[in-house]
Amino acid sequence: MIEIPVKPKRILVVDDDHDFLESMQLLLLDYGHEVIPASNGKEAVEKYAEYGPDIVLLDFKMPGIDGYETLLHIVKLDSDARVVLTSAYALDDAQYRRTVDMSLSGLLPKPIEFANLAKTIARHAK
Amino acid sequence: MARLTYRITVLVTAQIFLIVTSFLIMIHFESQLNLAGNVVNVAGENRVLTILVRDELRDKLFQEGDQALDGSRTLAALDALESNILFLKEGGTSSGIEISPLSPRFEGDWNLIWNMFGQYRAEILECLSADNTDAVAVITDIDTIKYTGDRLVALSDELTDKLSHDVDVLLSNLILLQVFLGITNVVAHIFLIFLIWRIFSRHTAEMVRMGKITAVGELAVAMAHDMKTPLGIIQNSTSLIRHRGGDSDAVGSTIDRMERAVRKMSHQIDGIMNSVRNVPLVMSPTSVSDMLGRSVAYVDIPDTIRISMPKDDALVTCDPAKMEMVFANLLLNAIQAIGNDDGHVIIRLVDGETVTIEFENSGPPIPASHMTSLFEPLFTTKLQGTGLGLVSCRNIMEQHGGSISVSNDPVVFTLRLPKSGQAERGGD
């Protein structure tokens, strides 16, 4: 087994799929990170304001406000926010493209290989 | 679309050419017919003029006193007849009537007329100069002149008939030509309509098929998010199991298999996704050599196949994940084409303003009938192929402002990629 050394970070994971959220939370916790789960955009913005995470793993297609709107709100709260988009495709092409363009910390489409996730966190988290 | 427009333009041009040519031929024949008709008129006029000469002579001879005529009108009528006969032979324009020279076929007829005219003129001149007091002699002269005049009229009529017959033949030929051109034009029109119909029906079929592909693509886009999330859960879970000590041989190999399955499913979904053009690119300057290395690592390469990598490298601005997908696809196709035989895949790289990457394989040539369909959606010769691999490759290359092409014997797939990354931003 390859152990990737990690520096514990506070990570906000946003996804409307409960199982995905939980599996991601367990995995990141196992590696010593602190995880703040949010199951929709509104909750994500609230939790960002409350916890000030080092990095956000953001889904795009969600009920209520989508990934793009969520991203706008987060950037408004913190202009130095680090956001990684975890959704690869979406129906609303233009909207998705804007989100990709705004997600300065990159795009990490599901299914995410852990090695890539660890690398992205190490490189982009505050 | 451009090809379709070109073919229709060619057809319509051919049709216009046919119509204009028909029109010009008709005009030519019409003018021939007019000229021939004029010749008939001129020949026919000989009859009138011959009789006019005789009438003028009779008037001169039988008028008395102050009303006696000096014969100048007879001479004028004779001159008119002569010039008409010459006009008939030489052709030219007179009083707006244009005629062509008499056909050599009628030279014999004309000579007879000319000789007869000579005799007619001689008899008339003799009669005019003779002493007219002897009534019996005058009447004898008149009878002789009348007889010659009648023969001249008969000869003229004969020529007029022959010329009229020619005009009739010309006219019936013209009618036949009109019918022929008419039929040709109708046939050409029917052919044109058939071709246009065929082009359009083929194009429509293509559009319908593309429409279906687009519909399938949109459905796939809609499903992607939902399918990738459960795959993400499996991926996260296998990573978790592995991290929690599931690295014993038995569990470790099971997890490896699960992760390979996840990767394969994810790749299949990507294949469908990339066959429709609404996946935005994530551009970054990347080393072609690195991308090739990752693609080769991704594909299972049998021991019988040797992969030859390019020695040089180039830096291009592209979406590396997408480009690796293209490389992996071409590599996989090459390996499948070689099959179980020993073989090789040679990857070449030419750096320039446009980076060219070639994938040559030692497999059999692509059948000529397949060459045109290679990049069409759903075209596959493989049992387990989706028919989307090369479509995805082409879409990805075009999205990057590049291209993909293929040449046979040996089979070489050539990718051309702008170095500076001129990605199309407009999605479909």
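In what follows, the structure referred to is the one given above.
Computed from a predicted model, the values in this text were never measured in an experiment. Within any chain, residue numbers begin from 1 and follow the written order of that chain's sequence. Each chain is given a letter, starting from A, and each ligand a number, starting from 1, according to the order in which they appear as written. Local features in this predicted model are restricted to residues of pLDDT 70 or higher, and side-chain atom pairs are both shown and tallied only at a pLDDT of 80 or more, whereas totals for entire chains, interfaces and linings draw on every residue. With hydrogens and water stripped out, all remaining heavy atoms of the structure feed into the side-chain values.

Engineer: Looking at this structure, how should I read helix 3 (residues 67–77) of chain A?
Structural biologist: Given 3.6 residues per helical turn, the α-helix brings residues three or four places apart onto the same face. Residue and element names in this part refer to chain A. If you check which residues of helix 3 are buried, you get G67, Y68, T70, L71 and I74. For helix 3, the angular spread of buried residues about the axis comes to 160°, placing them on one side. The distance from a side-chain oxygen at the start of helix 3 to the backbone nitrogen of Y68 is 3.1 Å, and the residue carrying that oxygen is D66. Only protein chains enter the accessibility calculation, which uses a 1.4 Å probe; a residue whose area is less than 20% of its type maximum is buried, one above 50% is exposed, and one in between is partly exposed. The helix count covers DSSP runs of H or I at least four residues long, the strand count covers runs of E at least two residues long, and both are numbered beginning at the N terminus. What the arc describes is the spread of directions from the helix axis to the C-beta atoms. We define a polar contact as two N or O atoms separated by no more than 3.5 Å, with the added condition that, inside protein, one atom must be a possible hydrogen donor and the other a possible acceptor, whereas residues neighbouring each other in sequence contribute only through side-chain atom pairs.

Engineer: What is the right way to read the pattern of salt bridges from this model?
Structural biologist: Side-chain pairing between opposite charges can occur once the charged atoms of the two side chains come close. Salt bridges are defined as contacts in which a side-chain nitrogen from Lys or Arg sits within 4 Å of a carboxyl oxygen from Asp or Glu. Summed over all chains, the structure comprises 23 salt bridges over all chains. The shortest N-O distance in the salt bridge between K110 of chain A and D15 of chain A comes to 2.7 Å. Of this pair, K110 of chain A sits in the loop between helix 4 (93–102) and helix 5 (114–124) while D15 of chain A sits in the loop between strand 1 (10–14) and helix 1 (18–30), placing them 95 residues apart in sequence. Residue K110 of chain A is classed as buried on the basis of its relative accessible area, which comes to 3%. On the basis of relative accessibility, which here comes to 0%, the residue D15 of chain A falls in the buried class. Here R294 of chain B makes a salt bridge to E324 of chain B, at a shortest N to O gap of 2.5 Å. Placement of the pair is R294 of chain B in helix 6 (residues 288–298) and E324 of chain B in helix 7 (residues 320–338), with a sequence separation of 30 residues. Through salt bridges with shared partners, a single network forms among D15, D59 and K110 of chain A.

Engineer: Where do I start with the sheet that holds strand 9 (residues 411–418) of chain B in this structure?
Structural biologist: What holds strands together in a sheet is hydrogen bonding between their backbones, with the strands either parallel or antiparallel. Residue and element names in this part refer to chain B. One bridge is not enough; two strands pair if DSSP finds at least two bridges between them. Reading across from one edge, 4-6-7-9-8 is the order of the 5 strands in this open sheet, with mixed pairing throughout. Each edge of the sheet is formed by a strand with only one pairing partner; in this case those strands are strand 4 (305–308) and strand 8 (403–407). Across the sheet, the mean angle from the axis of one strand to that of its neighbour is 15°, orientation sign disregarded. In terms of strand pairing, strand 8 meets strand 9 through 5 bridges, oriented antiparallel. Each residue of the ladder has a partner; that of V406, found in strand 9, is F413. By definition, residues are in contact when any of their heavy atoms lie within 4.5 Å. Here an axis means a line fitted to C-alpha atoms, over the contact stretch when the element is a helix, while the angle between two N-to-C directions is reported on a 0 to 180 degree scale. Docked against the sheet, helix 6 engages strand 4, strand 6 (343–350) and strand 7 (354–361), running at close to 30° with respect to strand 7. On the sheet, helix 7 packs against strand 4, strand 6, strand 7, strand 8 and strand 9 and is oriented at approximately 20° with respect to strand 7.

Engineer: Please clarify how the packing of helix 2 (residues 72–90) of chain B against helix 3 (residues 107–129) of chain B should be interpreted in this entry.
Structural biologist: The description of two helices packed together rests on the angle between their axes and the distance between the axes. All names here are of chain B. Close contact between helix 2 and helix 3 brings their axes to 11 Å; oriented N to C, the two are set at 170°. Compared by their axis directions, helix 2 and helix 3 come out roughly antiparallel. Facing helix 2, whose interface residues are T74, L75, L78, L81, E82, I85, L86, L88 and K89, helix 3 presents W110, I113, W114, F117, Y120, R121, I124, L125 and L128. Here the term charged refers only to Asp, Glu, Lys and Arg, the term nonpolar to Ala, Val, Leu, Ile, Met, Phe, Trp, Tyr, Cys and Pro, and the term polar to all other amino acids, Gly among them. A breakdown of the residues in the contact of helix 2 with helix 3 according to their chemical character gives 14 nonpolar, 1 polar and 3 charged. Oblique is the label for any angle not under 35 degrees, not over 145, and not in the 65 to 115 range, which are roughly parallel, roughly antiparallel and roughly perpendicular in turn.

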